[in-house]
Amino acid sequence: MTKERPTWDDIFMQKARIMASRSSCLRRQVGAVIVVNNREIASGYNGSVAGTPHCEELGCKREELKIPSGERQEICRAIHAEQNAILQCALTGVIPTGGTIYTTLQPCVTCAKLIANVGIKRIVFEGDYPDPLSLDILNESGITLEKY
C-alpha cells in the first residue's frame, strides 16, 4: 500500500502553525513561513518587539480599549508574523522575490504592502481577516492569494 505524501502546501502550512505556537499575543496566534523554490528561507510569529516584555506579562491594550479585530493596528505591541519573517530575510540577506508566504491568517493591509514590496508572488493562508484594503492591494499587485 502506497503512503500518501503531504503536498508542499501541507508541509509549509504545518510549519506556519508551529511558528504560531510561539506567539505571545493574547488575542490570536499567527505564524508565517517564506518559501522560495520549495525551500524555507525565513519564518516568524506575532509577538512583542525583541527584548521587550511580552503581552502575556503586560496585558493587551487593544483588549483593554475594546478595539475590534482589523482596526487600529497601531495600538498593539506586537510585530506581525509576516513582518517578522520578512525582517528575518533582511537580517540574513536572503531575497524572497518570487516566493510564497504561508500564514495562518490572511495578511492585514500593512503586511500586504510589505509582501508586495519584497516581491513575494503567492500567499497561502488559513484564517480570514477583516481587511478589504489588504485584498485590494494584493489584487492590484498581482499576488496570488489562496485559502488553504
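As a starting point, this report considers the structure included with it. (Residues numbered from 1 in each chain as written. Predicted model: local features only at pLDDT ≥ 70, side-chain atom pairs only at ≥ 80, totals over all residues. Heavy atoms only, no water.)

**Quick word on the environment of Ser43**
So, point 1. Its location among the elements puts Ser43 in strand 2 (residues 39–45).
So, point 2. As a C-alpha pair, Ser43 and Ile137 span 94 residues in sequence and 23 Å in three-dimensional space.
So, point 3. Apart from the residues lying within four places of it in its own chain, the contact partners of Ser43 are Met19, Ala32, Val33, Asn84, Ala85 and Gln88. (Helix = DSSP H or I, 4+ residues; strand = E, 2+ residues; numbered from the N terminus. Contact = heavy atoms within 4.5 Å.)

**Points about the pairing of strand 5 (residues 100–105)**
So, point 1. Of all 6 residues in strand 5, 6 are buried, a share of seventy percent or more.
So, point 2. One ladder, built from 4 bridges, connects strand 1 (residues 31–36) with strand 5; its direction is antiparallel. Residue pairing in the sheet places Ile34 in a bridge with Ile101 of strand 5.
So, point 3. As paired strands, strand 5 and strand 6 (residues 122–127) are joined by 5 bridges and run parallel to one another. Paired with Tyr102 across the bridge in strand 6 is Val124.
So, point 4. Between the parallel elements strand 5 and strand 6, the chain passes through helix 5 (residues 109–117) in a crossover that is right-handed. (Buried < 20%, exposed > 50% of the residue type's maximum accessible area, 1.4 Å probe, protein only. Pairing = 2+ DSSP bridges. Right-handed = clockwise from strand over helix to strand, strands pointing away.)

**Examining the packing of aromatic side chains**
So, point 1. Scanning the model with the defined rule gives 2 aromatic pairs in all.
So, point 2. Ring centres of Trp8 and Phe12 lie 5.7 Å apart, and the angle between their planes is 15 degrees; on these two criteria the pair is classed as stacked. One end of the pair is Trp8 and the other is Phe12, both in helix 1 (residues 8–20) and 4 residues apart, which spans about a single turn.
So, point 3. With relative accessibility at 43%, the residue Trp8 sits in the partly exposed group.
So, point 4. Ring centres of Phe12 and Tyr102 lie 5.5 Å apart, and the angle between their planes is 40 degrees; this geometry places the pair in the tilted category. Taken as a pair, Phe12 in helix 1 and Tyr102 in strand 5 lie far apart in primary sequence, 90 residues in all.
So, point 5. Owing to a relative accessible area of 3%, Phe12 belongs among the buried residues under this scheme. (Phe/Tyr/Trp six-rings, centres within 6.5 Å; stacked < 30°, edge-to-face > 60°.)

**A look at the sheet that holds strand 2**
So, point 1. Here 5 strands make up an open sheet; going across it, the order is 2-1-5-6-7 and the pairing mixed. The open sheet terminates on both sides in strands that have one partner only, identified here as strand 2 and strand 7 (144–147). Adjacent strand axes in the sheet meet at a mean angle of 20 degrees when their direction is disregarded. (Axes fitted to C-alpha atoms, helices over the stretch in contact; angles between N-to-C directions.)

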